[in-house]
Each structure stands twice: as C-alpha cells, then as structure tokens.
Amino acid sequence: MKKLVLASLAVWGMAVVLNAAPIVRIDFPCQNFWGKMECLDELPEGVWVGERQNFYDPKKKGYTFPVFIDLAKATEFELSFKFAGTCMAQSAPELTGYADDLRKTKVESDIELVDFSVNGDRSAKLPAKFRSWLGINTFVATGANEYAPGKKSTPGQKYGPIYIFDGKVIKVKAKFKK
C-alpha cells in the first residue's frame, strides 16, 4: 500500500512539474511618485495586479507597481492602467521571470517577449529573450503621442521612459511566446 501511495504521489508531482509555466512580473517603477495604480479593464485569467512595493534600495523613494502574468494561463494581454497620486516620475517597465507562483525562484529557461507596447508605441528591444530581468526603456513612436507633459513624439522617433503623473492612463500590450 505504501508503494502505491508513493507511486501516485510521484506521478502527481511529475504532472504538476510538467504543467508548470513561468510567472512574469512587469514592474512600473515610479521613483518620487506617491500614489496608486489601478487597472481600468477586466483582468484576463492568469493576470493580476499586485500591491505597490517599496524599492529594494532604501535611498529610492516612491513605489513600483507590479503586474503578474501566469504564462500557463495567459500569453498576452492588453490592459489600461490609471495612476493617481502626487509628483511625477519617469518610468521604464521592467520584466522579471519566476519559476513558480511563490516568486522565490528565478526562471531557468528563456522567456521570449514578442510584443510590448505602451499607448501604441512599441518597445525598440523586440523581440527579446530574458531569464531573470529585462528593462524596457526605449520606445518607438507610432504617432504624435504625448509621452511627457509638453513633450510630443513624432512617428518613428525613439524616446526613453514614459512619464507618470496624477491622472496618467497607459495602455499596455504584451505578448509572450509559448
């Protein structure tokens, strides 16, 4: 009987391991911005917004706002996020890969990011593969978008971080390869 129980647990454990997919965390770091971020759309299965976090570096003030994607349940999304608070921050999205829901173990194999855009402006780094971390700090403008107060882009222009301030809405589109 013991052997049967051990064998069934081993089979169940193998099934869990084989079905596991990485978790991707997309952070929107907002140094010197004091507020919150909320999702304006219905979240698809496998995508959730985490609580704002303090920076690991105690010298940095403000928060980072995480969004999590379970790649076993969702490989792409298009969501709008609204920021409310005081001050203004430059933000460049950062992606981290984890092997499990506990987000304690970094992913062991490459995750491929196929598409990533903010307000229709695509990342200049795509396609990109990463394991533990990838910074998305340069975008290519698709039109005349205002990416910072008083700063408009022209089509094809490369620009750096996006600016976050009270009332700012960003529409994020991300797609990962299975």
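Model, not experiment: these values are computed from the prediction.

### Quick notes on the packing of aromatic side chains
Geometrically, a pair of aromatic rings is defined through the distance of the ring centres and the angle of the planes. A complete count under the given rule lists eight aromatic pairs for this structure. Ring plane angle 70° and centroid distance 6.5 Å describe the contact between Phe33 and Phe65, whose orientation is recorded as edge-to-face. Here Phe33 is found in the loop between β1 (23-31) and β2 (34-39), whereas its partner Phe65 is found in strand β4 (residues 62-70), with 32 residues between them in sequence. Exposure remark for Phe65: the relative accessible area of 4% places this residue in the buried category.

### A closer look at the confidence of the model for the chain
Of all residues in the chain, 86% attain a pLDDT of 70 or more, and the chain-wide mean is 86. Every residue in residues 3-19 is under pLDDT 50, and counting partners more than four places away or in other chains gives one contact.

### Points about the environment of Leu113
Structurally, Leu113 is set in strand β8 (residues 111-118). Leu113 gets classed as buried once you look at its relative accessible area, which sits at 0%. With 63 residues separating them in the primary sequence, Leu113 and Phe176 have C-alpha atoms 4.6 Å apart. Beyond its immediate sequence surroundings of up to four residues, Leu113 is in contact with Leu95, Leu126, Pro127, Ala128, Phe130, Leu134, Ile136, Lys175 and Phe176.

Rules used throughout
- Residues numbered from 1 in each chain as written.
- Predicted model: local features only at pLDDT ≥ 70, side-chain atom pairs only at ≥ 80, totals over all residues.
- Heavy atoms only, no water.
- Phe/Tyr/Trp six-rings, centres within 6.5 Å; stacked < 30°, edge-to-face > 60°.
- Helix = DSSP H or I, 4+ residues; strand = E, 2+ residues; numbered from the N terminus.
- Buried < 20%, exposed > 50% of the residue type's maximum accessible area, 1.4 Å probe, protein only.
- pLDDT = per-residue confidence, 0-100.
- Contact = heavy atoms within 4.5 Å.

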